[in-house]
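Fold and geometry: a report
Listed below are the residues making up each chain.
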Amino acid sequence: MGQPTPASSADHLPISSNPSSTMSNGAISRPHQPDTTHHHIWLITGPAGCGKSTVAQFIAKAMNLPYIEGDEFHPESNVEKMSRGTPLTDADRWDWLTALRQEALRQLSAGSQGVVVTCSALKRKYRDVIRVAPYYSHDVLVHFVYLHAREEVLIARVGARKGHFMGAQMVHSQCSILEAPGPDETDVISVDVSGSLEQVEEDALAKIRQAVEHELVRDS
């Protein structure tokens, strides 16, 4: 099992960002995460090519939160299947999803107010595995930031990558089984990633801040 650190083969958008959006080492000078009465798990989700890792790292840096790269928790057998273009089965995913949930809870129990996690979460039942987290820690709120775009946009972006194990066939496979979040999944924030990297990052961050503000109003 991997460690919760960025991977060079992660789901990055192949677009140059401006200096204000560039990830850099070192501490952030002004954390943007407001104080709340809950701990938060922010799942950055969507099919291959949507830019989960790029957006997640931006959000983690902007909110001064730890970041967990979901791809690093796949067992080698899953990575081998994906590199061959073989879709993962439900059985392949259960242990992976459970490991991500447990690592997120571990980060929170270690003192973090929140944690940002990348996870494709293509089906509702996969999202439900993460939604169990509050059962283990009752002050935890789970949020899904669903990144989406047309399949042809995602395929073009994956084609622009170097050294990633997911190819165009994997994008098509994931889009074919994708269960887009329904209106009753009220813990989901939807973000269209068809625009520029800067637009996507700022839109995602603004919607996350809005969700936290709503929580503060609700709990006041």
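Scroll up to find the structure this text is about.
Residues numbered from 1 in each chain as written. Predicted model: local features only at pLDDT ≥ 70, side-chain atom pairs only at ≥ 80, totals over all residues. Heavy atoms only, no water.

Notes on the sheet that holds strand 2 (residues 67–68)
Pairing within the open sheet is parallel, and its 5 strands lie in the order 2-3-1-4-5. Among the strands making up the open sheet, the edge pair consists of strand 2 and strand 5 (188–192). Note that strand 4 (residues 140–148) and strand 5 share 5 bridges and pair parallel. Paired with valine 145 across the bridge in strand 5 is isoleucine 189. Contacts from helix 1 (residues 52–63) reach strand 1 (39–45), strand 2, strand 3 (114–118) and strand 4, with the element oriented near 170 degrees to strand 3. Taken strand by strand, helix 4 (residues 124–131) contacts strand 1, strand 4 and strand 5, and its axis lies near 150 degrees from that of strand 4. (Pairing = 2+ DSSP bridges. Helix = DSSP H or I, 4+ residues; strand = E, 2+ residues; numbered from the N terminus. Contact = heavy atoms within 4.5 Å. Axes fitted to C-alpha atoms, helices over the stretch in contact; angles between N-to-C directions.)

Quick look at helix 1
Counted at 1.5 Å a residue, the expected span for helix 1 with its 12 residues is 16 Å, and the 16 Å between its end C-alpha atoms agrees. Among the residues of helix 1, those classed as buried are Lys52, Ser53, Thr54, Val55, Ala56, Gln57, Phe58, Ile59, Ala60, Ala62 and Met63. If you follow the buried residues of helix 1, they end up packed against strand 1, strand 2, strand 3, strand 4 and helix 8 (197–219). With its phi angle positive at about 55 degrees, asparagine 64 sits one or two positions after the end of helix 1. (Expected span 1.5 Å × (residues − 1). Buried < 20%, exposed > 50% of the residue type's maximum accessible area, 1.4 Å probe, protein only.)

Some details on the packing of aromatic side chains
Each aromatic ring pair is characterised by the separation of its centres together with the angle its planes make. Taken as a whole and judged by the stated rule, the model has 2 aromatic pairs. Arranged with centres 5.6 Å apart and planes meeting at 75 degrees, the rings of tryptophan 94 and tyrosine 126 form a pair that is edge-to-face. Remark: tyrosine 126 occurs in helix 4 and tryptophan 94 occurs in helix 3 (residues 90–109); sequence separation between them is 32 residues. Residue classification places tryptophan 94 among the partly exposed residues on the basis of a relative accessible area of 33%. A relative accessible area of 2% places tyrosine 126 in the buried class. Consider the rings of tyrosine 135 and tyrosine 136, whose centres lie 5.3 Å apart with planes at 90 degrees: the pair is edge-to-face. (Phe/Tyr/Trp six-rings, centres within 6.5 Å; stacked < 30°, edge-to-face > 60°.)

Description of the packing of helix 1 against helix 8
Orientation of helix 1 relative to helix 8, taken along the N-to-C sense of each, is 50 degrees, at an axis distance of 10 Å. As far as their axial angle goes, helix 8 and helix 1 are oblique. Between helix 1 and helix 8 lies a crossing of right-handed hand. In contact with Thr54, Val55, Phe58, Ile59, Ala62 and Met63 of helix 1, helix 8 contributes Leu197, Val200, Glu201, Glu202, Ala204, Leu205 and Ile208. When its residues are assigned to classes, the contact of helix 1 with helix 8 shows 10 nonpolar, 1 polar and 2 charged. (Parallel < 35°, antiparallel > 145°, perpendicular 65-115°, else oblique. Left-handed = near helix turned anticlockwise from the far one by under 90°. Nonpolar A, V, L, I, M, F, W, Y, C, P; charged D, E, K, R; others polar.)

Things to note about the packing of helix 3 against helix 4
In a packed pair of helices, the relevant descriptors are the angle between the two axes and the axis-to-axis distance. Where helix 3 contacts helix 4, the two axes come as close as 9 Å, and the packing angle between them is 30 degrees. Put simply, helix 3 runs roughly parallel to helix 4. Along this stretch, helix 3 crosses helix 4, giving a crossing that reads as right-handed. Residues Asp90, Arg93, Trp94, Leu97, Thr98 and Arg101 of helix 3 form the contact with helix 4, whose participating residues are Lys125, Tyr126, Val129 and Ile130.

Here's the deal with the environment of aspartate 187
Relative to the assigned elements, aspartate 187 resides in the loop between helix 7 (168–177) and strand 5. Considering only alpha carbons, one finds aspartate 187 and phenylalanine 144, 43 residues apart in sequence, at a separation of 6.2 Å. With residues up to four places along the chain from it excluded, the contact list for aspartate 187 reads Arg131, Val142, His143 and Phe144.

Some words on the environment of proline 87
Tracing the backbone through its elements, the reader meets proline 87 in the loop between helix 2 (76–83) and helix 3. Dropping the residues within four chain positions of it, proline 87 is found in contact with Lys81, Asp92 and Ser173.

Coordinates in, geometry out; function isn't part of it.
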